[in-house]
Amino acid sequence: MIRIENISEIDKAAREFVENIGSRRVFAFYGKMGAGKTTFIKAVCEALGVEDVITSPTFAIVNEYEISPEVTLGNDTVSTVYHFDFYRIKKLEEVYDMGYEDYLYSGGLCFMEWPELVEELLPDNTVRVTIEEQPDGSRTIAF
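Quick look at the structure, then.

About the thresholds
Residues numbered from 1 in each chain as written. Predicted model: local features only at pLDDT ≥ 70, side-chain atom pairs only at ≥ 80, totals over all residues. Heavy atoms only, no water. Helix = DSSP H or I, 4+ residues; strand = E, 2+ residues; numbered from the N terminus. Contact = heavy atoms within 4.5 Å. 1 Å grid on protein atoms, 1.4 Å probe; cavity = no way out; pocket = protein on both sides within 12 Å on 5 of 7 lines; lining within 4 Å. Points joined across faces, edges and corners; volume = space filled by probe spheres on them. Nonpolar A, V, L, I, M, F, W, Y, C, P; charged D, E, K, R; others polar. Salt bridge = Lys/Arg side-chain N within 4 Å of Asp/Glu carboxyl O. Buried < 20%, exposed > 50% of the residue type's maximum accessible area, 1.4 Å probe, protein only.

**Some thoughts on the side chain of N63**
Here's step 1: Take N63: it is sitting in strand 3 (residues 62-73).
Here's step 2: Residues within four places of N63 in sequence aside, it is in contact with T55, S56, P57, V81, Y82 and H83.

This is how it looks when you write it as structure tokens:
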């Protein structure tokens, strides 16, 4: 479990998360609205070396970012991050139509917000990440 006492510690937490990715590629982020899913994914992308402006893909459903230079995670080199936000998905056909399998099985990193809306489509090896706000305002990240 990773604990973030305040926003100034998010970069350190993101680096710790990256150090624990290993060979896993698909991550489903669970948490209430405002828990910090997008903010944490943005910090993780920056820790990986993404130089693009990282924004929530709420309307696009998926944003693609290049990691430069490529990073080695586990035994593989990774050069792409796909950041999904399924919040506005109304039916699974929308996810089928976007070609979700091409992303999930690409070898790139996949970070998904609101995965509960597409739960039945998640690969068996999906890492479930829970972000919770604590009463003191800190966040815990469990995976």
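What follows picks up the thread again.
**Overview of empty space enclosed by the protein**
Rolled over the atoms, a probe with the dimensions of a water molecule shows which regions are left empty.
Here's step 1: Scanning all chains against the criterion turns up 1 cavity of 30 Å³ or more.
Here's step 2: Of the pockets and cavities examined, the largest cavity occupies roughly 50 Å³.
Here's step 3: Every residue lining the largest cavity is listed: F84, F86, V95, Y100, L104, M112, V118, L121 and L122.
Here's step 4: Class assignment of the residues belonging to the lining of the largest cavity gives a composition of 9 nonpolar, no polar and no charged.

**A word on the pattern of salt bridges**
Here's step 1: Under the counting rule described, the total for this entry stands at 6 salt bridges.
Here's step 2: Between R3 and E5 there is a salt bridge; the shortest N-O distance is 2.6 Å.
Here's step 3: R3 sits in the partly exposed class, given a relative accessible area of 40%.
Here's step 4: Where D136 meets R3, a salt bridge forms, and the shortest distance between an N and an O atom there is 3.1 Å. Of this pair, D136 sits in the loop between strand 6 (127-133) and strand 7 (139-142) while R3 is found in strand 1 (residues 2-4), placing the two residues 133 residues apart along the sequence.
Here's step 5: The exposed category is assigned to D136, whose relative accessible area is 52%.
Here's step 6: Each of R3, E5 and D136 takes part in salt bridges that share partners, so that together they form one network.

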